[in-house]
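What follows is the residue order along each chain.
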Amino acid sequence: PWRGVLLDTSRNFMSLETIRRVIEGLSAAKLNTFHWHITDTHSFPFYSKSRPRMTEWGAYSPEMIYTEEDIKEIVKFADIRGVRVVPELDAPAHSGNGYQWGEEEGLGKLAVCVNRDPWEKYCVEPPCGQMNLANPNLYDVVEDIYRDMLDSFTGTAFHIGGDEVNFNCWNTIE
């Protein structure tokens, strides 16, 4: 029921054409799942219409984002080829770049340890960043992002990562 590959476009932004080629390869090999690791602490290329500051602060560049229209086109392209698209919004660890705008907007720190050094002390791999679960404003932001993802993606599966939390990082929260 689940035969596929994971493609990480957060660490390595890939064009829509490249993603379509991957999906065509999956279909040709009779694989049925494209696990799209779309966000990580490295970048936040998923454009959230509710929270556009995420890509403003987190995308590698304004040209390196995936809009709702881009995602819907990829999902339709995959569906026609018998491939389901499972998005991953990595959390609560691997959440750094993109979350820095919270203080500027009066929402406090949405993420902690963002790009902190020495990285070995605060995360499994650089760059560091984890959601600030102690900040109640984070939950409204994440709810908006999830809602936007549900508007863009179809299907019954959604991945949140959930690995590699570093308690040293969370212990720095004041």
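Remember, predicted model here, so these are calculated numbers, not experimental data.

A. Representation of unusual backbone geometry. For the bond running from Asp 117 to Pro 118, omega is -5°, close enough to zero to count as cis. One can find Pro 118 in the loop between strand S4 (111–112) and helix H4 (119–122). A cis amide bond links Pro 126 to the next residue, Pro 127, at an omega of -5°. Relative to the helices and strands, Pro 127 resides in the loop between H4 and strand S5 (130–131). The residue Cys 113 is not glycine, and still its phi comes out positive at about 65°.

B. Local environment of the pairing of strand S1 (residues 4–8). In terms of strand pairing, S1 meets strand S2 (residues 33–39) through five bridges, oriented parallel. Directly across from Val 5, in S2, lies its bridge partner Phe 34.

C. Local environment of the state of the cysteines. All told, the structure shown has two disulfides when counted by the stated rule. Residue pairing for Cys 113: its cysteine sulfur links by disulfide to Cys 169, the two sulfurs lying 2.2 Å apart. Judged by the torsion about the S-S bond (120°), the Cys 113/Cys 169 disulfide is right-handed. Here Cys 169 lies in helix H6 (residues 167–170) and Cys 113 lies in the loop between S4 and H4, a separation of 56 residues in the sequence. By the burial criterion, Cys 113 is buried, and Cys 169 matches it. Sulfur-sulfur distance for the disulfide between Cys 123 and Cys 128 comes to 2.0 Å. The chirality of the disulfide connecting Cys 123 with Cys 128 is left-handed, given an S-S dihedral of about -65°. One exposure class covers both Cys 123 and Cys 128, and it is buried. If the cysteines joined by disulfides in the chain are listed in sequence order, their pairing comes out as 1-4, 2-3.

The rules we used
- Residues numbered from 1 in each chain as written.
- Predicted model: local features only at pLDDT ≥ 70, side-chain atom pairs only at ≥ 80, totals over all residues.
- Heavy atoms only, no water.
- Helix = DSSP H or I, 4+ residues; strand = E, 2+ residues; numbered from the N terminus.
- Pairing = 2+ DSSP bridges.
- Disulfide = S-S within 2.5 Å.
- Buried < 20%, exposed > 50% of the residue type's maximum accessible area, 1.4 Å probe, protein only.

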